[in-house]
Amino acid sequence: MKVSISVGGKFHAFYLAEQLQNNGDLLQLITSYPRFEVLKSGISKDKISSIVAKELIQRGFGKLPDILQRRYNPQFFICDLYDQIATSKLQPCDVFVGWSSFSRHSLKKAKSFGALTILERGSSHIEYQKDVLSEEYERYGLKPSLPHPRIVDKELEEYAMADYISVPSLFAKKSFLEKGFSNHKILHVPYGVDLKRFKPMEKKDNIFRIIHCGAVTLRKGCHYLLKAFFELNLPNSELWFVGTISDDMQSFIKQYEDERIKYHGPKPQSSLSWYYSQANVFSLLSLEEGLAMVQAQAMACRLPVICTTNTGGEDLIQEGKSGFVIPIRDLDALKDKINFFFENPEKCKEMGIAAEQRVKDAFSWNKYGENIINEYKRVLLLND
């Protein structure tokens, strides 16, 4: 089996490529990352095709004045440019795996080779994503940050063109089934976590601490976490946010200003284990995700998790054993679970240990590689 991958960025594609390479199945990895960055993941130089123009344009646009950025959304142009260049580099293969938004032209060429085509969709169905986020922004009278309309159209075409759509969680799978997709077209394989990088470290104090790691945005439900923590007003407690703060959160940050709420900004992956380990509980309250990998990272660092149904966390978390999964926007449920961990420190530690064991047993990247390669082989046989 020879597999070609095309990804406009990184996502989890480098882990996928590494697993395929270790199994002797990787033909080619096409990415917008420079070759020297990809080599750090252990991918052989001769298997890498780099399209850095996408990153240069995207990052260059981000440095333009805000007024220009607000007038023009280059998302579709950048994705489609990458896709067209990737198409020219694509080699004949048995299986083509392309990332959604970046693969319409590539899917067409792969089909001309007779390849089995698989679209990687790391989030829910794009129309579900658009609708739930629009609804949330409207609740607060904010301008929505949504996928470009032409990106939506492009993804819908990609969904139809691909032989299969690969998603990382039951939540993401359900979003496709609800849109009328057949069960057999959806491949459901949860992501893994780097167990060498993410492991528990010593906690330096006895403060009860909740941590959110990742972008601090409305999409991630950070406004609900702020409100719950502020209103609970627990003694000897802190709330940490580790990640870049978006403009749509500024009014909430001012509303719930509190010296116990700490904003640490974005941190490199290499330092995240320390930040996780200074907390007692990890929380992610997203309105929409595919499978947020920060959840498994936190679990590997021995933290129980409070997450919403829309984070993909149901795949990871054993309810009441390694964490709790609550409905989106349910402030009362969130407060109840935070209170539970605050009032039951020994149970909190016990659930953290169970969380660590859970990811060690079932969610390493090696386990992901084994599962995804088995899926590729299964669907290849079905289509032989």
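Note: the structure precedes this text.
## Some remarks on the sheet that holds strand 8 (residues 208-213)
- Pairing is parallel across the open sheet formed by six strands, whose spatial order is 10-9-8-11-12-13. Each of the sheet's edge strands pairs with one partner strand only, and the pair in question is strand 10 (261-263) and strand 13 (323-326). Recorded for the sheet is a direction-independent mean angle of 20° between the axes of neighbouring strands.
- Judged from the three bridges that link them, strand 11 (residues 281-284) and strand 12 (residues 305-308) form a sheet pairing that is parallel.

## Observations concerning the pattern of salt bridges
- Counting across every chain of the model gives 27 salt bridges.
- Salt-bridge contacts for Lys154 lead to Asp80; the nearest nitrogen and oxygen are separated by 3.0 Å. Within this pair, whereas Lys154 is found in helix 8 (residues 149-161), its partner Asp80 is found in helix 5 (residues 75-89), the two being separated by 74 residues in sequence.
- Linked through salt bridges whose partners overlap, the residues forming this network are Asp80, Asp83, Arg104, Lys154 and Glu157.

## Quick notes on the packing of aromatic side chains
- The tally for this structure, following the rule as stated, stands at 22 aromatic pairs.
- Considering the side-chain rings of Tyr191 and Tyr368, the 6.3 Å spacing of their centres and the 70° angle between planes classify their relative orientation as edge-to-face. Pair noted here: Tyr191 is in the loop between strand 7 (186-188) and strand 8 and Tyr368 is in helix 16 (residues 365-382), with a separation of 177 residues, a long-range link. Like Tyr191, the residue Tyr368 is buried in the burial classification.
- On the basis of an interplanar angle of 55° and a centroid distance of 5.5 Å, the ring pair of Phe324 and Phe341 is categorised as tilted. Of this pair, Phe324 sits in strand 13 while Phe341 sits in helix 14 (residues 331-343), and the two are 17 residues apart along the sequence.
- Overall, the relative accessible area of 9% leaves Phe324 in the buried class.
- By relative accessible area, which is 1% here, Phe341 ends up buried.
- The structure contains a cluster of three or more aromatic residues connected by ring pairs, namely Tyr15, Tyr191, Trp365 and Tyr368.
- A cation sits over an aromatic face here: Lys337 above Phe324, 4.4 Å from the ring centre.

## Points about helix 15 (residues 345-362)
- An ideal rise of 1.5 Å per residue puts 26 Å on 18 residues; helix 15 measures up with 26 Å between its terminal C-alpha atoms.
- All of the buried residues along helix 15 are Cys348, Met351, Gly352, Ala354, Ala355, Glu356 and Val359.
- Buried residues along helix 15 sit in contact with strand 11, helix 13 (293-300), strand 13 and helix 14.

## Let's talk about empty space enclosed by the protein
- This model, assessed by the stated rule, comprises two cavities of 30 Å³ or more.
- The calculated volume of the largest cavity comes to roughly 50 Å³.
- A per-class count over the lining of the largest cavity returns seven nonpolar, one polar and two charged.
- Taken as a whole, the second largest cavity holds about 30 Å³ of empty space.

## Let's talk about unusual backbone geometry
- Phi at Ser101 takes a positive value of approximately 80°, unusual for a residue other than glycine.
- When its relative accessible area of 7% is taken as the criterion, Ser101 is described as buried.
- One non-glycine residue, Asn236, lies in the positive phi region at around 50°.
- For Asn236, the position within the fold is in the loop between helix 10 (222-232) and strand 9 (237-242).
- Among the residues examined, Asn236 registers a relative accessible area of 46% and is labelled partly exposed.

## With respect to the sheet that holds strand 6 (residues 164-167)
- Strand order in this open sheet of seven strands is 3-2-1-4-5-6-7, and the pairing throughout is parallel. Since the sheet does not close on itself, it has two edges, and those belong to strand 3 (48-50) and strand 7, each with one partner. Within this sheet the neighbouring strands show an average axis-to-axis angle of 20°, counted without direction.
- Relative to strand 7, strand 6 runs parallel, the two sharing three bridges. Looking across to strand 7, one finds that Val167 is bridged to His188.

Here is what the cut-offs are and how they apply
- Residues numbered from 1 in each chain as written.
- Predicted model: local features only at pLDDT ≥ 70, side-chain atom pairs only at ≥ 80, totals over all residues.
- Heavy atoms only, no water.
- Pairing = 2+ DSSP bridges.
- Helix = DSSP H or I, 4+ residues; strand = E, 2+ residues; numbered from the N terminus.
- Axes fitted to C-alpha atoms, helices over the stretch in contact; angles between N-to-C directions.
- Salt bridge = Lys/Arg side-chain N within 4 Å of Asp/Glu carboxyl O.
- Phe/Tyr/Trp six-rings, centres within 6.5 Å; stacked < 30°, edge-to-face > 60°.
- Buried < 20%, exposed > 50% of the residue type's maximum accessible area, 1.4 Å probe, protein only.
- Lys NZ or Arg CZ within 6 Å of the ring centre and 35° of its normal.
- Expected span 1.5 Å × (residues − 1).
- Contact = heavy atoms within 4.5 Å.
- 1 Å grid on protein atoms, 1.4 Å probe; cavity = no way out; pocket = protein on both sides within 12 Å on 5 of 7 lines; lining within 4 Å.
- Points joined across faces, edges and corners; volume = space filled by probe spheres on them.
- Nonpolar A, V, L, I, M, F, W, Y, C, P; charged D, E, K, R; others polar.

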